[in-house]
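Single-letter residue listing:
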Amino acid sequence: MKRITLAAMLAILSGGAVYAAGVYGDVIFEQRSLYRNISVTESNAVRCLRFASRRFQDVRQSCINLQRPDELVFDYTKMVLSGLMVMQEPERVLVIGLGGGTIPRALEYLYPGVHVTTVEIDPAVVAVAERYFDFREGPQQDIEVADGRVWIKRALLRETRYDMIVLDAFNGDYIPEHLMTREFLTEARNLLTPDGVLVANTFSVSRLYDSESVTYAAAFDWMLNVKRQNGNRIIIAGNGTAPSDRVLVEGAIRLEMEHDLGPLDLDTTEIMVMVQREPDWEVDARVLTDEYSPANLLNTD
Amino acid sequence: MQDDGSSAQSATRTAAIAAPESRFHVPLVALLVFTGGFSVMAIELLGGRIMAPYFGSSIHVWGSIITVFMAALSLGYLLGGWLSLREPSLTRMALIFLASGLTVLPLLVLGEPMMEWVFTNFEDPRYGSLLAAVLLFFVPTVALGMISPYAIRLLVRVTQHSGQVAGTLYFLSTLGSAVGTLMTAFYLVLWFEVSTIVLAVAGALITSAALAVLGDHLGRNAGARS
């Protein structure tokens, strides 16, 4: 009897292990940090950073191809770089949310003179990015461990300005609701140089899609939707008048001409077709503000 | 044995000279205590939301808020018990509610400039958030803490029942806190703006004060008739 139970348990355990290995590869590192459960998995020379999440199984993680470390493994990171078709020569970039450091590294690859400041709330994520994802602090890469909103408020007092701000702080189940309000986006906007752009990795499903879209529309003069069929959605937003199609095409051509995009596996024509100008959201949805930001509740269905 | 008898006797005597009360006395005090418990947790939860734009939503912000609420409640219990020694009445309890309701209101007007000031003067987000939580929430929470011990004094008639009365009031107060937490976290923030909820809580506290005064008058009238 005992032996049968033991055998059954072993079968279940090994079955579970096979399942886990099949989906995520081998777990090479695990840590429960102050903010989330972090794990690093590896399979077929692709190493991934995972934040435990029940809802966004495979979407919001960071991966590195160990054989081609500059390759942008995830489409959303390529879509984030679409901001470079508008802001073509960024000198100072602010990234909120480090993850595996893919975006800061890609920026450094493209612009050897760029200065990237990355704000990450979780010191454990910084350690993991440096140990497993080839991310290094250096003359071009600054890391600040802080809450993104608090850091931006302080940066406004210091009067530093950025050509591009990347919001990539939405990983896992819990959404930091204070990073989704009109007031926050206005603070970020005020941190931009006059022709600077903000690029945000956002939620593409649930009622939150509508609320988030109208909030960006309310905080910026213009916004573009970069959207993949049933996948991620990136918002590019800025001050003044929206960049015309011509500006985007010229920006894309310039990116292709001046940089070797091959190692990044970045194809600007792929991204160009994802750009949408017309709202495909409920335009009378309620704007998220510091007074009203139930983002996590809106994301439940 | 003899001690028990004499204390019961003295308790009966105390009851005889206590202020006359209406038949609504017990349910009214129960409602007041529930409202107090509800308000504490509604404000505490909103506290996280109010402070997030300036101090983030890191664990130390919640640490600051909970520390301040616990410290303020503990002081409130002490003061409430102490206040109940002198001529306890519903009208005096109404003053506690009025004080708590009125001291919640500055959150709406002074909250922003206060946090702005703390933000510019304190770099460390831990001590910044702690100081801001003290400035914003300490005073109203002390007042809210005074309610339960004071209510116990208004309901205890005989020593033997004091534990039971205290237990029932803890039950109501903490149940109110549970309901206040759930309502705020699950529904109120989805339906209303933070300021609207704060205003409603202040309104509920001030209404409670009015109800307590009304209850006291009803009691005195009942006493005059008998």
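It should be emphasised that the depicted structure is a prediction, and the values quoted were computed from it without experimental measurement.

## With respect to the overall build of chain B
Scanning chain B from terminus to terminus reveals eight helices and zero strands. By principal-axis analysis of the C-alpha atoms, chain B measures approximately 65 × 35 × 30 Å. Counting only residues that meet the buried cut, chain B has 41% of its 226 residues in that class. Pairs at least 24 residues apart make up 88% of the contacts formed inside chain B by residues separated by at least 6 positions.

## Quick notes on the sheet that holds strand 7 (residues 141-145) of chain A
Sheet strands line up and pair through hydrogen bonds in the backbone, either parallel or antiparallel. Residues and elements named next belong to chain A. Judged by pairing direction, the sheet is mixed, and its eight strands sit side by side in the order 7-6-5-8-9-11-10-12 without closing on themselves. Each edge of the open sheet is held by one strand with a lone partner, namely strand 7 and strand 12 (275-276). Across six bridges, strand 9 (residues 192-202) lies against strand 11 (residues 233-238) in antiparallel orientation. What sits directly across from Ala 200, in strand 11, is Ile 235.

## Structural notes on the packing of helix 4 (residues 90-104) of chain B against helix 6 (residues 125-155) of chain B
Between two packed helices, the angle of one axis relative to the other and the distance separating the axes together describe the packing. All names here are of chain B. Where helix 4 meets helix 6, the axes come as close as 8 Å, and the angle between the chain directions of the two elements is 160 degrees. Between helix 4 and helix 6, the crossing angle belongs to the class labelled roughly antiparallel. Pair helix 4 / helix 6 crosses with left-handed handedness. Taking contact as the criterion, the partners of Leu 90, Met 93, Ile 96, Ala 99, Ser 100, Thr 103 and Val 104 in helix 4 are, on helix 6, Val 139, Pro 140, Ala 143, Leu 144, Met 146, Ile 147, Tyr 150 and Leu 154.

## Re the nonpolar core
Within the largest apolar cluster, 136 residues are counted, with the highest numbers of intra-cluster contacts made by A:Ile165, A:Val166 and A:Ile236. In terms of residues, this core owes the most to one element, helix 2 (residues 25-55) of chain B, which gives 17 residues. Both domain 1 (2-65) and domain 2 (75-298) of chain A contribute no fewer than three residues apiece to this core.

## What to know about the sheet that holds strand 1 (residues 26-32) of chain A
Residues and elements named next belong to chain A. Judged by pairing direction, the sheet is antiparallel, and its four strands sit side by side in the order 1-2-3-4 without closing on themselves. Unpaired on one side and paired on the other, strand 1 and strand 4 (62-65) mark the two borders of the sheet. On average, adjacent strands in this sheet sit at an angle of 15 degrees to one another, irrespective of strand direction. Packed onto the sheet, helix 4 (residues 123-132) meets strand 1, strand 2 (37-43) and strand 3 (46-51) and runs at close to 15 degrees relative to strand 2.

## Things to note about the environment of B:Leu31
Residue and element names in this part refer to chain B. With respect to the element layout, Leu 31 can be found in helix 2. Residue classification places Leu 31 among the partly exposed positions, given that 17 C-beta atoms sit within 10 Å. Between the C-alpha atom of Leu 31 and that of Gln 164, which follows or precedes it by 133 residues, the distance is 17 Å.

## Topic: the pairing of strand 1 of chain A
All names here are of chain A. Counting buried positions along strand 1 yields zero of seven residues, so the element is predominantly exposed. In the sheet, strand 1 pairs with strand 2 via six bridges, with the strands oriented antiparallel. Looking across to strand 2, one finds that Arg 32 is bridged to Asn 37. Here strand 1 folds back onto strand 2 in antiparallel fashion, the turn holding four residues.

## Some words on unusual backbone geometry
Residue and element names in this part refer to chain A. Backbone geometry at Glu 159 places phi at a positive 60 degrees, although glycine is not the residue there. Looking at where Glu 159 falls in the secondary structure, it is placed in the loop between helix 5 (148-158) and strand 8 (162-167). The exposed category is assigned to Glu 159, around which 7 C-beta atoms lie within 10 Å.

Basis of the calculations
- Residues numbered from 1 in each chain as written.
- Chains lettered and ligands numbered in written order.
- Predicted model: local features only at pLDDT ≥ 70, side-chain atom pairs only at ≥ 80, totals over all residues.
- Helix = DSSP H or I, 4+ residues; strand = E, 2+ residues; numbered from the N terminus.
- Buried ≥ 20, exposed ≤ 12 C-beta atoms within 10 Å, placed from the backbone.
- Contact = placed C-beta atoms within 7 Å.
- Pairing = 2+ DSSP bridges.
- Axes fitted to C-alpha atoms, helices over the stretch in contact; angles between N-to-C directions.
- Parallel < 35°, antiparallel > 145°, perpendicular 65-115°, else oblique.
- Left-handed = near helix turned anticlockwise from the far one by under 90°.
- Core = buried A, V, L, I, M, F, W, Y, C linked by C-beta atoms within 7 Å.
- Domains from an automatic or database assignment.

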